[in-house]
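Architecture and fold: a report
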Amino acid sequence: KNQVEQSPQSLIILEGKNCTLQCNYTVSPFSNLRWYKQDTGRGPVSLTIMTFSENTKSNGRYTATLDADTKQSSLHITASQLSDSASYICVVSGLRGGSQGNLIFGKGTKLSVKP
Amino acid sequence: DSGVTQTPKHLITATGQRVTLRCSPRSGDLSVYWYQQSLDQGLQFLIQYYNGEERAKGNILERFSAQQFPDLHSELNLSSLELGDSALYFCASSVDTTGNEKLFFGSGTQLSVL
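We now turn to the structure provided with this report. (Residues numbered from 1 in each chain as written. Chains lettered and ligands numbered in written order. Predicted model: local features only at pLDDT ≥ 70, side-chain atom pairs only at ≥ 80, totals over all residues. Heavy atoms only, no water.)

**Comments concerning the pattern of salt bridges**
Counted under the stated rule, the structure contains five salt bridges over all chains. Of the charged contacts, one joins Asp84(A) and Arg61(A) as a salt bridge, the two residues approaching to 2.8 Å between their closest N and O atoms. With Asp84(A) in the loop between β8 (72–77) and β9 (86–93) and Arg61(A) in the loop between β6 (56–59) and β7 (62–67), the pair connects residues that are 23 residues apart, well separated along the chain. Each of Arg63(B), Glu82(B) and Asp85(B) takes part in a single network of salt bridges with overlapping partners. (Salt bridge = Lys/Arg side-chain N within 4 Å of Asp/Glu carboxyl O. Helix = DSSP H or I, 4+ residues; strand = E, 2+ residues; numbered from the N terminus.)

As structure tokens, then:
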């Protein structure tokens with residue numbers, strides 16, 4: 001069964017600290033893996049997209065890594081800010097071609113950054 | 001601002017009723033996706049339209065239907081509403097050339113069925 005598991009479920013860190021969020025997936029075949037940030041009550045916003053040939057991608061203070069062999073990904077947040085408080089969602093696509101109807105969403109990691 | 005517009009932002013209705021959610025995609029995007037997000041659950045894919053045609057179907061109930069119009073805006077119709085249909089409904093759009101493009105999400109419609 002195609003699944004995306006994220007850990008931890010929630011995380012509290014102090015402003016300025018770094019953190020790493022984990023994502024394990026069993027989706028096959030694999031096309032790409034995305035990380036989204038979702039503020040409470042808002043739509044998700046794309047942070048990174050990695051295909052199977054990429055093993056790292058950065059977007060400002062966000063760095064995603066991908067190990068397609070072990071089917072694991074991580075999202076590292078550097079020098080956290082209060083505005084980083086949000087849910088971070090790992091999404092895996094198993095389809096190639098023009099449709100994204102087979103995206104599998106994880107339940108997200110809820111990050112709280114405290115002053 | 002993602003460029004995807006959803007209306008209304010909030011909707012409160014009673015069981016058994018029918019509602020329509022509306023979505024305008026980003027300019028130039030031909031694909032529209034609908035998702036349901038229940039409390040503490042991941043986003044569940046409902047249905048996709050591409051340039052007016054249904055392209056993919058997910059876990060969409062028979063009581064739900066959608067369509068995409070010639071101007072590319074889309075509507076999601078929910079009928080015979082039940083308490084369990086209370087959720088955030090998101091629309092997303094994409095150019096969908098290769099399947100590796102970003103999805104841009106609207107701000108969602110919060111549906112409360114009382």
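**Details of the interface of chain B and chain A**
By a widespread convention, an interface's size corresponds to the accessible area lost as its parts come together. With 25 residues of chain B at the contact, the number on the chain A side is 22 residues. A buried area of about 1,800 Å², summed over both sides, lies between chain B and chain A, and 50% of it is on carbon and sulfur atoms. When the area that chain B buries against chain A is broken down by residue, the three leading residues are Leu43(B), Asn100(B) and Phe105(B), summing to 27%. At the junction of chain B and chain A, the tally comes to zero salt bridges. One can count two residue pairs in polar contact (both at pLDDT 80 or more) joining chain B with chain A. Among the secondary structure elements, those contributing two or more residues to the side of chain B that touches chain A are β4 (31–37), β5 (44–50), β6 (53–57) and β9 (87–94) of chain B. (Contact = heavy atoms within 4.5 Å. Buried area = accessible area lost by both parts, 1.4 Å probe. Polar contact = N/O pair within 3.5 Å; in protein donor to acceptor, adjacent residues only side chain to side chain.)

**Quick look at the packing of aromatic side chains**
Applying the stated rule across the entire model yields 10 aromatic pairs over all chains. Note on Tyr33(B) and Tyr35(B): the rings are 6.4 Å apart at their centroids and 20° apart in plane angle, and the pair reads as stacked. Three or more aromatic residues joined by ring pairs form one cluster here, namely Tyr36(A), Phe105(A), Tyr33(B), Tyr35(B), Phe45(B), Phe90(B) and Phe105(B). Lying across the ring of Tyr62(A), Arg61(A) places its NZ or CZ 5.7 Å from the centre. Cation over ring: Arg55(B) sits above Tyr50(B), and NZ or CZ is 4.0 Å from the ring centre. (Phe/Tyr/Trp six-rings, centres within 6.5 Å; stacked < 30°, edge-to-face > 60°. Lys NZ or Arg CZ within 6 Å of the ring centre and 35° of its normal.)

**Let's talk about the state of the cysteines**
All names here are of chain A. Tallied over the full model, the rule gives two disulfides over all chains. What pairs with Cys23 in a disulfide is Cys90, and their sulfur atoms sit 2.0 Å apart. Taking the sign of the S-S torsion, -65° for the link of Cys23 and Cys90, the bridge is left-handed. Of the two residues, Cys23 is situated in strand β3 (residues 19–25) and Cys90 in strand β9; the sequence distance between them amounts to 67 residues. Residues Cys23 and Cys90 agree in their burial class; the two are buried. Counting only cysteine sulfurs, Cys90 is the nearest neighbor of Cys19, a cysteine outside any disulfide, at a range of 15 Å. (Disulfide = S-S within 2.5 Å. Buried < 20%, exposed > 50% of the residue type's maximum accessible area, 1.4 Å probe, protein only.)

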